Amino acid sequence: MTTQDQEHFRDSIGTITEEGKRNYIHPKKPKGKFTNYRTYVSWLLLAILFIAPFIKINGNQFLLFNVLERKFNVFGQPFWPQDFHLLVLSLLIGVVFVILFTVIFGRIFCGWMCPQTIFMEMIFRKVEYWIEGDRPKQIRLRKQAWNAEKIRKRLLKYVIFFLISFIISNVFLAYIIGSDKLLKYITEGPLNHVGTLIPLLVFTAIFYFIFAWFREQVCIIACPYGRLQGVLLDRKSIVVAYDHKRGEDENGRKKFRKNEDRNELGHGDCIDCNQCVVVCPTGIDIRNGTQLECINCTACIDACDEVMVKTGYDPGLIRYASEDNIEKGEEFKFNARIKAYSAVLAIMIAVLVTLLFLRTDIEATILRLPGQMFSTKGEVVSNVYTFKLINKTVNNLDNVVIKLMSHNGEVKIVGGNSKVMNGGMTEGTLFIEIEKKDLSSSKEKLKLGVFADGELIETTSTNFPSPLRIK
Ligand code: SF4
Ligand code: SF4
């Protein structure tokens, strides 16, 4: 076979027919060791996803990504736009981690952790199996005319799909606006909050469209991470792979025949039963080699292992393996690329941890009111400022006062003392008054302290302009 023939499968994708129409995939229900493990992992991840917005730590939502009000909680710790650098660094660490993970373990994330795969395979597909049955029944139902049975099954399936999509949208909304607000909106009646209800229904429609119709197309044509596989994977990356050396002899694959001694005939272990193909949710034949469509869901491993056990061969004809492992029997090694990515990742994590330790609980910013000149009253020079206090702690700060630490003088907050709620921010105006005799230049640098209930909690600095000739 020429290389061109061998690569012919790359000319088309399994989900599009030769006429260019959608070829709906009806994968056989997977079962086996890996499917069980993936099911347990998905239960855990789904539980975390659904419960996390309703967990509170010291009154703070465990995970909150309120981009609208720019409030973020991670593990119950409030983060503010002022901590944006930490968020960016965390995202960068996430990207490097995913790259490193992909270089070593291929697309394992897609099969085990990706929300798209978990929702599709562990929720929507399971509902589909429950209503329409396994692959043969689904194919028959698709082909059959619209009779009472088809209408009933499809209607039931799509109503349940819509309800699940609606629930998922609500959970995502709880991450954005906060679970308290979500529950409040629900109890007050959604129609009283149409501004939230409409986006909620739009997202429900998007989820419904993805899981009822678009499905594996997300992984095949829309997912940017999937597109990156070509540059991230190398011959040492561990992926779901078919061991063609073990599966085939020089004449290719041979079908199973009863009472035939395949070992004596020199046949490979693949009996060309197609079970690895019919079980694949993206409609590919893993025996053609690593493909962009493969989401490493392990369904073909389970299907082939079952066949191997039934035919008396060792399982693992399809397994987690690198190309070098299959071609040369090489075990996994840390190559230069993996070492480089690991070093970058370690440095970034060290920087993030340091920044987290250096992060102050209270952030005070005092800036001169733009366009305002100093004023003098007798021997006293006065300047007006705006201040902003951000409380990143989980405690309310009562009786917040700001005092001069570097000079004698007075700080007068307009409206008196301030109070800053936990995870909250307060801003206002203040005057700083200093006598001329206590100033030594026309632009004095001041150090100020922020006190809550008499305790110094943060220091900050600002400039204090005054008349040029002051002495
Ligand atoms: S080839 Fe195997 S691991 Fe890849 S998507 Fe298909 S069934 Fe899943
Ligand atoms: S399931 Fe295993 S034996 Fe059957 S066709 Fe696939 S690789 Fe060959």
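Residues numbered from 1 in each chain as written. Chains lettered and ligands numbered in written order. Predicted model: local features only at pLDDT ≥ 70, side-chain atom pairs only at ≥ 80, totals over all residues. Heavy atoms only, no water.

Q: Kindly report on empty space enclosed by the protein, identifying the contributing residues and their values.
A: Applying the stated criterion across every chain, the model contains four cavities of 30 Å³ or more. Residue lining of the largest cavity: 16 residues in total, with Cys280, Ile284, Cys294, Cys297 and Cys300 positioned closest to the centre. In the lining of the largest cavity, the residues fall into 12 nonpolar, three polar and one charged. Cys270, Cys273, Cys276, Cys304 and Leu317 are the residues nearest the centre of the second largest cavity, which is lined by 14 residues in total. For the lining of the second largest cavity, the secondary structure elements donating two or more residues are helix H14 (275–278) and helix H15 (299–311). Looking at the lining of the second largest cavity, the element that brings in the most residues is H15, giving three residues. Split into classes, the residues belonging to the lining of the second largest cavity amount to 10 nonpolar, two polar and two charged. (1 Å grid on protein atoms, 1.4 Å probe; cavity = no way out; pocket = protein on both sides within 12 Å on 5 of 7 lines; lining within 4 Å. Points joined across faces, edges and corners; volume = space filled by probe spheres on them. Nonpolar A, V, L, I, M, F, W, Y, C, P; charged D, E, K, R; others polar. Helix = DSSP H or I, 4+ residues; strand = E, 2+ residues; numbered from the N terminus.)

Q: So what's going on with the packing of aromatic side chains? Which residues, and what values?
A: As enumerated under the stated definition, the model contains 18 aromatic pairs in all. Where Phe34 meets Tyr320, the ring centres are 5.8 Å apart and the plane angle is 75°; that geometry is what we call edge-to-face. With Phe34 in helix H2 (residues 33–51) and Tyr320 in strand E7 (residues 318–321), this pair connects stretches of sequence that are 286 residues apart. Their ring planes at 20° and their centres at 6.5 Å tell us that Phe207 and Phe211 sit as a pair that is stacked. Residue Phe207 and its partner Phe211 are located together in helix H9 (residues 194–214), separated by four residues, close to a single helical turn. Under the relative-accessibility criterion, Phe207 is labelled buried at 15%. One aromatic cluster in this structure is built from Phe119, Phe124, Tyr158, Phe161, Phe162, Phe172, Phe207, Tyr208 and Phe211. Arg22 extends its terminal NZ or CZ atom over the ring of Trp213, reaching a point 5.0 Å from the ring centre. Between the NZ or CZ atom of Arg142 and the centre of the ring of Tyr24, over which it lies, the distance is 3.9 Å. (Phe/Tyr/Trp six-rings, centres within 6.5 Å; stacked < 30°, edge-to-face > 60°. Buried < 20%, exposed > 50% of the residue type's maximum accessible area, 1.4 Å probe, protein only. Lys NZ or Arg CZ within 6 Å of the ring centre and 35° of its normal.)

Q: Break down the packing of helix H7 (residues 148–177) against H9 for me, citing the residues and quoting the values.
A: Running from amino to carboxyl end, H7 crosses H9 at an angle of 130°, the nearest separation of the two axes being 8 Å. Put simply, H7 runs oblique to H9. At the point where H7 passes H9, the crossing takes the right-handed sense. Taking contact as the criterion, the partners of Tyr158, Phe161, Phe162, Ser165, Phe166, Ile168, Ser169, Asn170, Phe172, Leu173 and Ile177 in H7 are, on H9, Thr196, Leu200, Leu201, Phe203, Thr204, Phe207, Tyr208, Phe211 and Ala212. Among the residues forming the contact of H7 with H9, the class breakdown is 15 nonpolar, five polar and no charged. (Axes fitted to C-alpha atoms, helices over the stretch in contact; angles between N-to-C directions. Parallel < 35°, antiparallel > 145°, perpendicular 65-115°, else oblique. Left-handed = near helix turned anticlockwise from the far one by under 90°. Contact = heavy atoms within 4.5 Å.)

Q: Go over the site of ligand 1, please, and point to the residues and values.
A: Around ligand 1 sit 13 residues, and of these Cys280, Cys294, Ile295, Cys297 and Cys300 come closest. Its residues assigned to classes, the shell around ligand 1 shows 10 nonpolar, three polar and no charged. (Near = heavy atom within 4 Å.)

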